[in-house]
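# Descriptive structure summary
Chain by chain, the residues run as shown.
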Amino acid sequence: MQLQLVRERWPAKHPSFIQLYSMNTPNGIKVALALEEMGLKYEPHLINILEDDQFTQAFKVINPNSKIPALIDPNGPDDHPISLMESGAILRYLADKTGEFTPLDRAGRSACDQWLFFQVGHIGPMFGQFGHFFKYAVESCDHPYPVQRYTNETRRLLGVLDEHLQRHEYMLGESYSIVDMAIVPWVEALTSAYKAAEHLQLADFTSVTRWEAICTARPAYQRARQVCAL
Ligand SMILES: N[C@@H](CCC(=O)N[C@@H](CS)C(=O)NCC(=O)O)C(=O)O
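Below is a summary of the structure that appears in this document.

Calculation rules
Residues numbered from 1 in each chain as written. Predicted model: local features only at pLDDT ≥ 70, side-chain atom pairs only at ≥ 80, totals over all residues. Heavy atoms only, no water. Axes fitted to C-alpha atoms, helices over the stretch in contact; angles between N-to-C directions. Helix = DSSP H or I, 4+ residues; strand = E, 2+ residues; numbered from the N terminus. Parallel < 35°, antiparallel > 145°, perpendicular 65-115°, else oblique. Left-handed = near helix turned anticlockwise from the far one by under 90°. Contact = heavy atoms within 4.5 Å. Phe/Tyr/Trp six-rings, centres within 6.5 Å; stacked < 30°, edge-to-face > 60°. Buried < 20%, exposed > 50% of the residue type's maximum accessible area, 1.4 Å probe, protein only. Lys NZ or Arg CZ within 6 Å of the ring centre and 35° of its normal. Nonpolar A, V, L, I, M, F, W, Y, C, P; charged D, E, K, R; others polar. Pairing = 2+ DSSP bridges.

It is worth spelling out the packing of helix 2 (residues 26-38) against helix 10 (residues 219-226) at this point. Between helix 2 and helix 10, the least distance of the axes is 8 Å, while the angle of their chain directions is 135 degrees. One element, helix 2, and the other, helix 10, form an angle in the oblique class. Taken as a pair, helix 2 and helix 10 cross one another with a handedness that is right-handed. In this structure, helix 2 contributes Ile29, Ala32, Leu33, Glu36 and Glu37 to the contact, and helix 10 contributes Ala220, Tyr221, Arg223, Ala224 and Arg225.

Here it is in structure tokens:
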């Protein structure tokens, strides 16, 4: 079976645990955070994307798109193992598995998924491109346009979050959920990884700042940041 290739490349000490293949980037932290918050037993394996581990044949078995994070749950639906890619889909899977950090009624679940898709479709790609051009591609691109474009888009999205969080304690209202878990590592990265707080004038977004402080103070968040660290 194909999964055998993955298990041979990254042997499990605890084969009955969920196997996480990741690195502590914002998308990686999201899934480690959900596993920590939900108290699920899991075993992390570092996929070093700086050394191209994501392009190996073994990793492509669990993500043909060669991106972290991915996981294998040996105790998936109907007692079969399941492997999953895409952090949003993984958060949804884990929330469904545990019944935690997600509304269970249909309307609430749809509201949850709309913000989850918003994170995966907008926040991740735009903040990621912003970080790429603002910090990592400074040497290879000296044209001002990409930084301008992604600065504008990042600030626009922060404005969407800020307006929402002026009226809600957390993204889904009173309860911390997988939506907060999906978004907060990206917001934190603007300061910690990209060192762009001043450039983006993050202090303007007072409700985002309030919410970020509450989310990042959670002990699970502090633990998740260290999972699959280099
Ligand atoms: N939509 C994907 C994005 C995953 C993604 O972009 N992961 C980055 C790290 S944050 C990655 O693996 N980069 C390696 C590469 O691009 O080669 C998800 O949400 O899981």
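To continue, consider the packing of aromatic side chains. In this structure the tally under the stated criterion is nine aromatic pairs. Here the aromatic rings of phenylalanine 130 and phenylalanine 134 are separated by 5.0 Å at their centres, their planes lie at 20 degrees, and the arrangement is stacked. Of the two residues, phenylalanine 130 and phenylalanine 134 are both situated in helix 5 (residues 106-136); the distance of four residues between them amounts to about one turn of the helix. On the basis of an interplanar angle of 5 degrees and a centroid distance of 5.9 Å, the ring pair of phenylalanine 133 and tyrosine 150 is categorised as stacked. Here tyrosine 150 lies in helix 6 (residues 145-167) and phenylalanine 133 lies in helix 5, a separation of 17 residues in the sequence. In this structure tyrosine 150 comes out as buried when scored by relative accessible area, which is 16%. Three or more aromatic residues link up through ring pairs in this structure, and these residues are Phe130, Phe134, Tyr136 and Tyr194. Positioned over the ring face of tyrosine 176 is arginine 218, at 3.7 Å from the centre of the ring.

It is the contact of helix 5 with helix 7 (residues 178-192), at a shortest axis distance of 9 Å, that shows an interaxial angle of 15 degrees. When the axis of helix 5 is compared with that of helix 7, the two are roughly parallel. Our pair here, helix 5 against helix 7, has a crossing hand that is left-handed. Along its contact with helix 5, which presents Cys112, Trp115, Leu116, Gln119, Ile123, Gly124, Phe127, Gly128 and Phe130, the element helix 7 presents Ile178, Val179, Ala182, Ile183, Trp186, Val187 and Leu190. Per-class residue counts for the contact of helix 5 with helix 7 are 13 nonpolar, three polar and no charged.

Read across the open sheet, the four strands follow the order 2-1-3-4; overall the sheet is mixed. The outermost strands of the open sheet, each flanked by one partner alone, are strand 2 (42-46) and strand 4 (82-85). Pairs of neighbouring strands in the sheet enclose a mean axial angle of 15 degrees, with direction left out of account. Pairing geometry for strand 1 (residues 18-22) and strand 2, over five bridges, is parallel. Bridge pairing in strand 2 places serine 22 opposite leucine 46. With respect to the sheet, helix 2 is in contact with strand 1, strand 2 and strand 3 (70-73), its orientation differing from that of strand 1 by roughly 155 degrees.

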